[in-house]
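Inside the fold
What follows is each chain in one-letter form.
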Amino acid sequence: MKGVIEMASAVKRDGRAVVTTCGGCYADCAFAARVEDGRVVAELPVVGHPCAARALCARGRHRLAMPFDERDRIVHPMRRRRDGSGFDAITLDEAFAQIAERLLGIVDGHGPRALGMTLGVPSFDRYWAYRFMHALGSPNVYGADGACEVSRLTGWEHSLGYSPASDLAHTDCIMYLGRSIVDSSTMGAVDALNDARRRGAKIIVVDPRRSGSAALADRWLRVRPGCDLALLLGIAHVLIAEDLYDHEFVARYTTGFDELAQAARPWTPEWAESMCDVPAAEIVATARDLAAAAPAAVVDAGFHGGIGIAYANSTQTARAICLVDVLLGCIGHAGGALNPPTPLVLGDLDPARFATPPVPRGTKLGSQRYPLVDPERGLCTTIGQSILAGDLRGLIVYASNPGAGYGNAGAWLSILEQLDLLVTVDIRWSETARVSDFVLPDVTYLEADRGVGTVVGANDARVFYRNAVLPVQHDDTRPGREIFAGLAQACGVGEYFQFASDDLAAAQVAPFGIDLDELKERGWADTGMALPSRTGEPAIPLDGGKIALASDVWERAGLGRVPGWIAPMVEPSPGMFRLISGNRPFESHTSRRLAAAGAAEVGSDLDAVQMNADVAARMGIVDGEVVELVSDMGRDRVRVETTPYLHPACIFTSAAPGGRSSGADTGGAQALGVGPLDHTPLRWDPLTGAALTQENAVRVEKITEREDNNE
Ligand code: SF4
């Protein structure tokens with residue numbers, strides 16, 4: 001071990017196992033951690049923990065080695081040379097002082113709203129990040145929705161008032177669109193899906209590729225990419241035409257049914273088949289299966305996947321999912337779409353004891369461009385527009401990577417270079433870090449306490465604590481909280497950071513009578529809150545309390561009063577393919593290196609794209625052959641895996657950032673395969689600001705010279 005900045009819980013406890021959670025994603029899977037022979041060993045399950053899991057997923061397992069992985073690790077504060085030729089290490093105090101001078105210069109010249117911060121996953125010390133921006137007077141803190149699921153969320157929020165969770169534990173029939181529970185790496189969700197199968201629930205998966213979930217489904221509908229909307233309209237048509245919809249629900253909780261029924265007449269299964277390539281008979285059978293199980297049946301509200309932000313019709317697709325669920329009468333019903341959970345509100349620092357900055361007035365910069373989107377959301381994609389408009393001059397990137405994850409990498413990197421100041425706080429050298437003015441070294445999730453988390457279950461609400469497992473491994477690295485407190489001090493607003501992380505954690509759990517030391521020792525505690533059931537009278541938090549099946553809101557937005565057909569923005573011409581991406585169980589959100597390790601474990605690799613076997617055969621392409629993917633965005637050499645389990649209109653690549661987005665000249669471990677956005681032009685959805693990640697078209701060219709295929 002090198003220097004120890006903050007004594008970690010594991011050390012305090014004399015090497016005994018400490019209960020903590022995985023920092024790989026929001027699932028926060030719990031494990032008891034021990035350090036043995038310089039390795040972190042995880043023991044599972046932690047019985048009773050609200051995030052108990054029987055095992056870590058591949059991503060979580062590989063992350064246990066993160067603190068010891070030196071590749072691309074940022075270990076010192078770095079300042080970019082004026083001539084752009086590289087970086088020099090500086091001290092933390094120098095970094096804080098020089099960054100503060102430039103932040104304050106921007107505030108003086110352009111006002112605090114010219115500063116922004118974007119947060120990724122995982123950015124553990126968000127509390128400090130928000131507080132720092134508020135102390136400087138800026139409301140501009142952005143999250144990942146614009147690059148993740150803002151279209152889907154917006155579609156639901158103006159149709160039902162919220163995006164509902166599916167009651168998988170009690171459903172008799174569930175349909176997923178472009179979302180693969182099995183590949184999303186959350187072991188608890190995979191178990192729940194398998195439990196549903198064992199109970200006899202019917203699982204239907206709609207996906208252009210046979211995903212991990214499709215492989216275990218009762219029915220896999222191989223939809224044409226970008227055309228899920230047509231499938232949903234076809235199902236709605238059958239439910240109405242065959243009188244399979246829930247008359248009572250429609251009468252009590254909706255308006256506009258007659259107008260909808262009129263509009264739905266042309267959405268016949270045959271029409272839907274012509275648009276989405278799912279056979280009409282399958283569409284009819286799916287509608288009947290859902291109706292037979294209703295109201296314990298649901299079309300899942302979705303996640304990132306194929307409908308979150310991928311297409312210009314993603315918002316309309318979410319509207320259509322809501323429509324089908326309404327026709328099934330499953331809103332607020334056991335086995336259907338659950339009412340929203342009761343929020344668990346944690347306590348906060350007492351402002352009488354700890355100086356607290358006021359929350360800046362006004363909405364976040366960029367939110368005015370998308371009035372349908374909740375302005376609190378803070379769309380990360382609007383950062384690019386605000387930079388181009390000259391409104392945003394200084395940006396802090398905390399555990400995020402706009403230079404690769406918010407859209408086309410080349411386009412985003414050139415936008416970021418227009419900033420007066422770009423600061424990245426991260427663990428490794430990302431694309432964004434490489435073009436930053438300053439880079440500040442964060443610690444891995446095992447090297448610092450990460451505070452209190454919450455879980456609201458079906459019947460209870462529990463809190464948990466994310467204990468540190470290791471001391472800090474590199475002298476100059478710091479948890480985000482120390483970085484923001486140091487910057488605040490240098491900016492002259494240090495009075496807002498005169499508290500320890502334990503002060504905050506104790507204040508957060510105090511309303512529930514929970515002792516912080518006991519919480520840390522056990523790892524979790526019950527708040528004792530009694531929660532109302534999430535089934536019963538359906539929650540419809542909309543004006544008038546009814547669901548408008550024919551809606552003025554959507555008509556004004558240009559999507560029509562009822563959710564009719566809208567084509568994707570880009571339709572690949574004959575001979576072209578759509579480049580789609582997705583997760584496999586070994587994928588990682590952040591790094592192809594971690595994903596590659598997981599892939600190797602299961603005998604696969606990321607350095608290839610998948611192509612429909614029949615199409616490949618017609619083009620004379622054999623499995624394993626190296627081809628070129630070509631578009632207006634560039635040309636990539638890549639190996640092809642042929643498969644019968646993929647729609648012929650698309651090429652599939654891993655969702656993990658990598659490929660060209662990592663910069664071929666870096667030669668880094670992430671430069672594998674073809675990045676999911678390498679052939680997608682930078683566009684923003686005019687309605688929601690979404691990144692439109694699959695609005696693209698690529699050509700596959702054979703490389704005929706034999707030597708090229710001997711690579
Ligand atoms: S699902 Fe995987 S990455 Fe996410 S917290 Fe659990 S083990 Fe970690």
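Since the structure is predicted, the reported quantities are computational estimates derived from the model, not experimental observations.

Here the focus is the overall build of the chain. Helix and strand counts for the chain come out as 23 helices and 25 strands. The C-alpha atoms of the chain give a radius of gyration of 25 Å, which matches the 27 Å a tight globule of 711 residues would have. Taken over the C-alpha atoms alone, the chain extends approximately 70 × 70 × 55 Å along its principal axes. Residue burial in the chain is summarised as follows: out of 711 residues, 59% are buried. Sequence separation of at least 24 residues holds for 74% of the intrachain contacts in the chain that already meet a minimum separation of 6.

Taking 1.5 Å of rise per residue, the 15 residues of helix α13 (residues 314–328) would be expected to cover 21 Å, and the 21 Å separating its terminal C-alpha atoms lies within 8% of that figure. Within α13, 15 of the 15 residues are buried, which leaves it mostly tucked inside the rest of the structure. Of the residues flanking the end of α13, it is G329, one or two places downstream, whose phi is positive at about 70°.

Taken in spatial order, the 7 strands make up an open sheet running β5-β4-β15-β14-β13-β6-β7, and their pairing is mixed. Edge positions in the open sheet fall to β5 (87–89) and β7 (141–142), since each of these has one partner strand only. In the sheet, strand β14 (residues 421–426) pairs with strand β15 (residues 438–441) via 4 bridges, with the strands oriented parallel. Note on β15: the bridge partner recorded for D426 is P441. Lying on the sheet, helix α3 (residues 92–110) is in contact with β4 (78–80), β6 (115–119), β13 (394–398), β14 and β15; it crosses β15 at an angle near 130°.

Next up on the list: helix α12 (residues 280–293). Between its first and last C-alpha atoms α12 spans 20 Å; for 14 residues at 1.5 Å apiece the expected length is 20 Å, and the two agree. Regarding α12, the residues found buried are A280, I283, V284, T286, A287, D289, L290, A291 and A293.

What follows concerns the nonpolar core. M175, I235, F257, L260 and L327 are the most contacted members of the largest nonpolar core, which totals 75 residues. It is helix α8 (residues 228–241) that provides the largest number of residues to this core, a total of 10 residues. Apart from the residues lying within four places of it in its own chain, the contact partners of M175 are I204, V206, L232, I235, T286, L290, V298, V299 and D300. Grouped together as the second largest cluster of nonpolar side chains are 40 residues, A100, L103, F438 and L504 included.

So, on to the pattern of salt bridges. Per the stated rule, a full pass over the model turns up 35 salt bridges. When the shortest N-O distance is used, the salt bridge between E701 and R699 registers 2.9 Å. Among the ionic contacts, a cluster of salt bridges with common partners joins R224, D277, E571, R578 and E695.

This part covers the sheet that holds strand β1 (residues 18–21). Reading across the sheet, the 3 strands line up as β1-β2-β3 and stay open at both edges, with antiparallel pairing between neighbours. Each edge of the sheet is formed by a strand with only one pairing partner; in this case those strands are β1 and β3 (39–43). Ignoring strand direction, the axes of neighbouring strands in this sheet form an average angle of 45°. As paired strands, β1 and strand β2 (residues 30–36) are joined by 4 bridges and run antiparallel to one another. Following the sheet pairing, T21 is matched in β2 by A30.

A few words now on the side chain of H49. Looking at where H49 falls in the secondary structure, it is placed in the loop between β3 and α2 (58–63). A polar side-chain atom of H49 sits 2.9 Å from the main-chain amide nitrogen of C51. The residues touching H49, leaving out its near neighbours within four places in the chain, are V19, T21, A30, R462, F464, G523 and W524.

The domains assigned to the chain are domain 1 (163–339) and domain 2 (576–710). Between domain 1 and domain 2, the residue contacts involve 17 residues of the former and 25 residues of the latter. In total, about 1,800 Å² of surface goes out of reach between domain 1 and domain 2, with carbon and sulfur atoms giving 55% of it. Among the residues of domain 1 in contact with domain 2, R209, I309 and Y311 are the three that bury the most area, contributing 30% of the side total. Connecting domain 1 to domain 2 are 0 salt bridges.

All right, on to the packing of helix α5 (residues 150–157) against α13 then. Where α5 contacts α13, the two axes come as close as 7 Å, and the packing angle between them is 45°. Comparing the axis directions of α5 and α13 gives the class oblique. As for the relative orientation of α5 and α13, their crossing is right-handed in sense. On α13, the residues touching S151, R152, T154, G155 and W156 of α5 are S314, T315, A318, R319, I321, C322 and D325. For the contact of α5 with α13, the residue count by class is 4 nonpolar, 5 polar and 3 charged.

Reading the values: the criteria
- Residues numbered from 1 in each chain as written.
- Predicted model: local features only at pLDDT ≥ 70, side-chain atom pairs only at ≥ 80, totals over all residues.
- Heavy atoms only, no water.
- Helix = DSSP H or I, 4+ residues; strand = E, 2+ residues; numbered from the N terminus.
- Rg over C-alpha atoms; globule rule 2.2 N^0.38 Å.
- Buried < 20%, exposed > 50% of the residue type's maximum accessible area, 1.4 Å probe, protein only.
- Contact = heavy atoms within 4.5 Å.
- Expected span 1.5 Å × (residues − 1).
- Pairing = 2+ DSSP bridges.
- Axes fitted to C-alpha atoms, helices over the stretch in contact; angles between N-to-C directions.
- Core = buried A, V, L, I, M, F, W, Y, C linked by side-chain atoms within 4.5 Å.
- Salt bridge = Lys/Arg side-chain N within 4 Å of Asp/Glu carboxyl O.
- Polar contact = N/O pair within 3.5 Å; in protein donor to acceptor, adjacent residues only side chain to side chain.
- Domains from an automatic or database assignment.
- Buried area = accessible area lost by both parts, 1.4 Å probe.
- Parallel < 35°, antiparallel > 145°, perpendicular 65-115°, else oblique.
- Left-handed = near helix turned anticlockwise from the far one by under 90°.
- Nonpolar A, V, L, I, M, F, W, Y, C, P; charged D, E, K, R; others polar.

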